[in-house]
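Understanding the architecture of this molecule
Listed below are the residues making up each chain.
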Amino acid sequence: MDILWILLGAMLVFVMQAGFLCLESGLVRSKNSINVAAKNITDFIVSSALFWSVGFAIMFGSSYAGIIGTSDFFFGNGASALHISIFLFQMMFCGTAATLVSGAVAERMSYLGYIMTTITISLFIYPIVGHWVWGGIVSDIPSGWLELDGFVDFAGSSVVHSVGGWVALAAILVIGPRIGRFDHGNKHIPGSNIPMAMLGALLIWFGWFGFNGGSTLSWSDAVPAILLNTCLAAFWGGISAIVVKYITSRFIDISQIINGVLGGLVAITANCHAVSPAEAALIGGIAGVIVVIGSLVLEYRKIDDAIGVIPVHLFAGIWGTLAVALFADPAILETGLTPLQQLKIQLTGIAAIGLYSFTTAYIIFYLINKVYPLRVSADDELSGLNVSEHRVTTEVFDLLTAMNQHQIRSDYSSPVPVEPFTEVGQIAQEYNRVIDKVQQEIQERDRAFAAFKQSEYRNGAILEAAMDCIITINQQGEILSFNPAAEQCFGITTHTVLGKEFFRLFMPESLSRVAMESLSQGFASGEGLVLKRQNISELTRYDKEPFPAEVVVTQTTDLTDSNKQYTLHVRDITKHVKLQNRLKLLAYNDPLTGLYNRTYLMRTLEQLITRYQTVPGTIALMFLDLDQFKKINDTLGHNAGDVLLREVARRLKQITRDSDLVARWGGDEFVIVLSGKINEQLASKKAIEILEIMRDPVMFGDNRLSVLTSIGIALSTNADVSAERMLQYADLAMYQSKKNGRNTYTLFVPQMELEAQQQSRIENELPDAMANHQLFLQYQPKVSCETNRMVGFEALLRWQHPEHGFVSPADFIPVIENSNLIIEIGEWVLTEVSRQLDAWRREGLPLLPVAVNISGYHLHSPSLVPCIERCLNEYNIDPALLEIEITEGALTGNSEESIAAMTALKAINIKLAIDDFGTGYSSLSYLKKFPVDVLKIDRAFVRECYSNKDDAAICRAIISLAKSLELEIVAEGVENQEQLAFLAEQGCDLYQGFYFSKAIDAHKITELTLTNEALVME
């Protein structure tokens, strides 16, 4: 039964050869299909002959150091029926690997080149790699070095498929892409017969039952499960490929369905005996994704794989080999390895097989290519390998050759040959009808040209304007001649219009009267059509369809002739006008929202200001910015953002007058310009209307999107403010709206500009403040509420400017937090605090912990922990003396990232505090996730805690929460005895504030510390 099953498996694998033939023939162009068929059977017979004579011995013979077999050459003599069955089964595997390589380089490699690549993989690569992994299959004694280390590749995800993929990659890199594949972007070269390719895929799938099922080398209860897993992986490989390809490209690519199925089959091959059905489906699904993404990567790298061998067999093969360690049941594998050890040997095998296969193949192909080009010539590739390699033509080739001869000779008098009762024959028949019509047109044009040549005086004018409609009229406007171009343009034949009045026939009535008046004056008047000028006018075709035209009038008779004739040179400029309108639309309109763009806005705004320099009037400019728009883009995608922007544009147009200008400034910013009798009250009223209509939610699928807006308003009365200044003022007012809580409007006042200038000055001078040591630290004591003794300090950053004196932290700290200096200054503070602690220690002072404020950006920086460790080591500071304070708001962006950063700090024994607690946006429930030690009550709640019941309730709640979580609680901003008494009564641990001491310089800490120690001694 076992022998019968192996032989049946071998025959099923042999069916895969037919499948590959159909697949590859269908995915290449018809001019190469015969060549593909020829190379497929050649690949199989050459690889099988080599495997019989040498390959089987190298793969399964007596092992030399686990690297190569050395016996059983020219297999067969004295072999048992079982061994012969195994030989036939493995021979089919070798043929499969060879076929993969030739398929990848199809349509440009010579027939002899195919044979050389088959010899390379069948003789030098596949049997050696097979010995490493499967050397003990025949003897049932492991002998290959990877096999001995526990590497598992059940049916050949790596041995067959990855090997074929590596060798294919080497061959592609040596011979290059097909002509035209990447000349103008990633130009897809379509296959000639997709149904044939699909049939090939189904045959391969059918053969795969033997490929995987036969690899048991016996009929056992495991076979049905293996076949089930094989099917499931194929199903989900195809499904995931369809989904991913549609998401990335918005269409269903049949070739990707095929490759997704094959990718799932390749991936399951290594592990089908040791995974569950659900795991098999997952492995296949991931393989389908890998295949689609792999194909995109190859296109990006301009690697031309004709049928997708590399993403399907190499990438999916690597994934399937890794999946052994990730999903396979160790009890079934029986390698004795832990999952981590199994993963290590799987990675080792993948790397060793890939390095050996690719390097060996690349060197061999490179050297062969130097001596004998593996690739056919460019002419042979363009004409097709069927002809150049086998002297076999196809109906399509013959038809194209005949059509090419027509083109070269410009002779369409002889028809192309017609093959009856075929699709190509039908094409040839239609082509012959077309060239018959072309021949008739040529003859008619020749006759017309001959007739024109017979005309004596007007012949020159006709030849000069041969590209245009040429109509000759007399003094009454009657048509005397009407050239073929005019027939086509106006939609009527010459004999129908001869003798009829041109202007009455082909002009609107109002223009016709003016044109006839111009004609009566010899086209010399300033109105209507003028002689020898490019006149732009509206004409109508015979069916009364209007179109814009350029009309040049020339007199075609002698000036002394009383019977004057005129030639109208008419050119249809419809496309030109449409192009101009399109360019104007692109120049002045935003393509997403349909609103005016920035260019048109500035142009119109400057025109309005110029106008109001001479006449009285006011311009109100509103600068709108959507609040939290980036969050919508990040969470729901840019498509949702685009829907929102279009809806905003619609609402703004709905609520504004036709005379108002609505423009998209860029991103999520919009500008509205009101002009005329406008004042602050009317502008404010309009802003309120905008805010109200924007508050209505926008539906995107099942999501309700809120459109909250911040508005800044600037006014220019009688052109007293320039366009650029108005935009600047409105922008400043808009940012003030954001500071005021968003979803509101603000009118510009001059103080905003002063504040902006001050902030700009601070931003510009901060780097110099760092470099010139203008920044320094002061220390504010933290005091026990119970004993009123100092227990620590908070380091506070100060700035002493040489010209402006002391700069308030409220002015420069926000600037630092929004600049790229935040990490540099933060690390300077940490270093300076560490240095000061060391200095106090050398003075003999008892050391108390110092808290340092860290920004959220610095908290999430990878440099924070190394900086702290460096400071602690350099100054020999106990980590218990350093406390890091983070504001609650800094932890709301990404709680998982914040937890990771804080955990890293706790790992080096740094104490953590949440500053300004109660003012952030996070839920209190998040607090239990953060590994903090201290909560600091914000001074806003402490200020009236003893007199205001709301503040008192908040303080009690925070203190109670901290106690329940066993956290230390510190109150900020304590300035009087009443505050301290209340906090102490509620159980607050520590306080800081002016009641005990303001922040003082480091040299004053000595006296304060000694006083504190005296209190401790008492």
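Residues numbered from 1 in each chain as written. Predicted model: local features only at pLDDT ≥ 70, side-chain atom pairs only at ≥ 80, totals over all residues. Heavy atoms only, no water.

1. Describing the layout of surface pockets
Keep this limit in mind: Grid points spaced at 1 Å and placed over the protein atoms alone form the basis of the search, with a cavity being a set where a 1.4 Å probe fits but cannot get out and a pocket an open set showing protein on both sides within 12 Å along at least five of seven lines. Lining residues have an atom within 4 Å of a point. Grid points are joined across faces, edges and corners, and a volume is the space filled by probe spheres set on the points. The helix and strand labels rest on DSSP assignments: H or I over at least four residues marks a helix, E over at least two residues marks a strand, and numbering proceeds from the N terminus. Under the scheme applied, nonpolar residues are Ala, Val, Leu, Ile, Met, Phe, Trp, Tyr, Cys and Pro; charged residues are Asp, Glu, Lys and Arg; polar residues are all the others, including Gly.
Its boundaries defined by the atoms lining it, the second largest pocket holds a volume of some 860 Å³. Considering the residues around the second largest pocket, the lining is formed by 32 residues, among which Trp134, Ile137, Asp140, Glu147 and Phe154 are closest to the centre. Those elements that place two or more of their residues in the lining of the second largest pocket are α3 (81-104), α4 (111-134), α8 (222-249) and α12 (330-333). Here the lining of the second largest pocket is composed, by residue class, of 18 nonpolar, 10 polar and four charged.

2. A word on the packing of aromatic side chains
The way to describe two aromatic rings as a pair is by their centre distance and the angle between their planes. What counts is decided by this rule: Centres within 6.5 Å make a pair out of two Phe, Tyr or Trp rings, where for Trp the six-membered ring is used; the pair is then stacked when the planes are under 30 degrees apart, edge-to-face when over 60, and tilted otherwise. Buried means the residue's accessible area, taken with a 1.4 Å probe over protein chains only, is under 20% of the maximum for its type, while exposed means over 50%, and partly exposed covers the values in between. Two thresholds decide whether a charge sits over a ring: the Lys NZ or Arg CZ must be within 6 Å of the ring centre and within 35 degrees of the ring normal.
Overall, the coordinates contain 37 aromatic pairs when judged by the stated rule. Between phenylalanine 89 and phenylalanine 93, the ring centres sit 4.8 Å apart and the planes meet at 45°, which makes this aromatic pair tilted. Of this pair, phenylalanine 89 and phenylalanine 93 both sit in helix α3, four residues apart, which is roughly one turn of the helix. The same class applies to phenylalanine 89 and to phenylalanine 93, which are both buried. Ring geometry for tyrosine 729 against phenylalanine 748: centres 4.0 Å apart, planes inclined by 5°, an arrangement best described as stacked. Of this pair, tyrosine 729 sits in helix α28 (residues 723-739) while phenylalanine 748 sits in the loop between β14 (745-747) and α29 (750-771); the two residues are 19 residues apart in sequence, bridging distant segments of the chain. Of the two residues, tyrosine 729 and phenylalanine 748, neither departs from the other in class, the shared state being buried. The ring centre of tyrosine 114 lies 6.0 Å from the NZ or CZ of lysine 39, which sits over that ring. The ring of phenylalanine 547 carries arginine 541 above its face, with NZ or CZ at 4.0 Å from the centroid.

3. Thoughts on the side chain of asparagine 271
In plain terms, the rule: Contact criterion: two residues are considered in contact whenever any of their non-hydrogen atoms come within 4.5 Å of each other.
Relative to the helices and strands, asparagine 271 is located in the loop between α9 (254-269) and α10 (277-300). Judged by relative accessible area, asparagine 271 falls into the buried class, the value being 0%. The residues touching asparagine 271, leaving out its near neighbours within four places in the chain, are Phe154, Ile283, Gly320, Ala323 and Val324.

4. Describing the environment of glycine 987
Structurally, glycine 987 can be placed in the loop between α37 (977-986) and β23 (990-991). The partly exposed category is assigned to glycine 987, whose relative accessible area is 27%. In the structure, glycine 987 is positioned 514 residues away from isoleucine 473 in sequence and 108 Å away in space, judged by C-alpha atoms. In this structure glycine 987 touches Ile959, Lys963 and Ile969, once residues within four positions along its chain are discounted.

5. Digging into the nonpolar core
Keep this limit in mind: Buried residues of nine kinds, namely Ala, Val, Leu, Ile, Met, Phe, Trp, Tyr and Cys, make up a nonpolar core once their side-chain atoms join them within 4.5 Å.
Within the largest apolar cluster, 109 residues are counted, with the highest numbers of intra-cluster contacts made by Phe51, Ile121, Tyr126 and Trp134. Not counting residues within four places of it along the chain, the set of residues in contact with phenylalanine 51 comprises Phe56, Met59, Phe60, Phe87, Gln90, Met91, Cys94 and Tyr126. Listed in part, the 79 residues of the second largest apolar core include Met790, Ile822, Val833 and Leu864.

6. Some points on the pattern of salt bridges
Counted only if it meets this: Note on definitions: salt bridges are taken to be side-chain nitrogens of Lys or Arg within 4 Å of carboxyl oxygens of Asp or Glu.
Enumeration over the complete set of coordinates arrives at 32 salt bridges. Between arginine 181 and glutamate 299 there is a salt bridge, with the nearest N and O atoms lying 3.6 Å from each other. On the criterion of sequence distance, the pair formed by arginine 181 in the loop between α6 (157-175) and α7 (194-213) and glutamate 299 in helix α10 is long-range, its members being 118 residues apart. By relative accessible area, which is 8% here, arginine 181 ends up buried. Its salt-bridge partner being lysine 906, residue aspartate 933 comes within 2.8 Å of it at the nearest N-O pair. Residue aspartate 933 is found in the loop between β20 (911-917) and β21 (934-937), and its partner lysine 906 is found in helix α34 (residues 895-907); the two are separated by 27 residues along the sequence. Among the residues examined, aspartate 933 registers a relative accessible area of 22% and is labelled partly exposed. One network of salt bridges, in which partners are shared, links Arg29, Glu107, Arg178, Arg181, Glu299 and Asp304.

7. Focus: the environment of leucine 652
Position of leucine 652 relative to the elements: it lies in helix α26 (residues 638-655). Among residues more than four places away in sequence, those in contact with leucine 652 are Leu624, Val662, Phe670, Ile672, Ile690 and Met694.

8. Things to note about a nonpolar patch on the surface
Our working rule: To count toward a patch, a residue needs a relative accessible area above 30% and no salt bridge. Like charges then connect within 9 Å, nonpolar side chains (Val, Leu, Ile, Met, Phe, Trp, Tyr) within 5 Å. For the accessible areas, the method is Shrake-Rupley and the probe is 1.4 Å, while residue cover comes only from the protein chains on display.
Together, Phe235, Trp236, Ile239, Ile242, Val243, Tyr246, Ile247, Ile252 and Ile254 give the surface a local cluster of nonpolar side chains, amounting to about 790 Å² of exposed area. Per-element accounting of the nonpolar patch gives the leading share, seven residues, to α8. Within the fold, isoleucine 242 resides in helix α8.

9. Structural notes on the sheet that holds β14
To keep it simple, the criterion reads: When DSSP locates at least two bridges between a pair of strands, those strands are taken to pair. Simply put, an axis is a line fit to the C-alpha atoms, just over the touching stretch for a helix, and the angle between two N-to-C directions goes from 0 to 180 degrees.
An order of β9-β10-β8-β13-β14 is seen for the five strands of this open sheet, with the pairing classed as mixed. Every interior strand has two partners, whereas the edge strands, β9 (661-666) and β14, have only one. In this sheet, neighbouring strand axes are inclined to one another by 20° on average, regardless of whether the strands run parallel or antiparallel. Across three bridges, strand β13 (residues 709-717) lies against β14 in parallel orientation. Residue pairing in the sheet places glycine 712 in a bridge with threonine 746 of β14.

10. Observations concerning the side chain of arginine 651
Basically, it comes down to this: Here a polar contact means two N or O atoms within 3.5 Å. Within protein one must be a hydrogen donor candidate and the other an acceptor candidate, and residues neighboring in sequence count only if both atoms are side-chain atoms.
Tracing the backbone shows arginine 651 in helix α26. Of note is the side chain of arginine 651, whose polar atom sits 3.0 Å from the backbone oxygen of isoleucine 693. Within the structure, arginine 651 has its side chain in polar contact with the backbone oxygen of proline 697 (distance 3.3 Å). Not counting the four nearest positions on each side in its chain, arginine 651 is found in contact with Ile693, Met694, Asp696, Pro697, Val698 and Val707.

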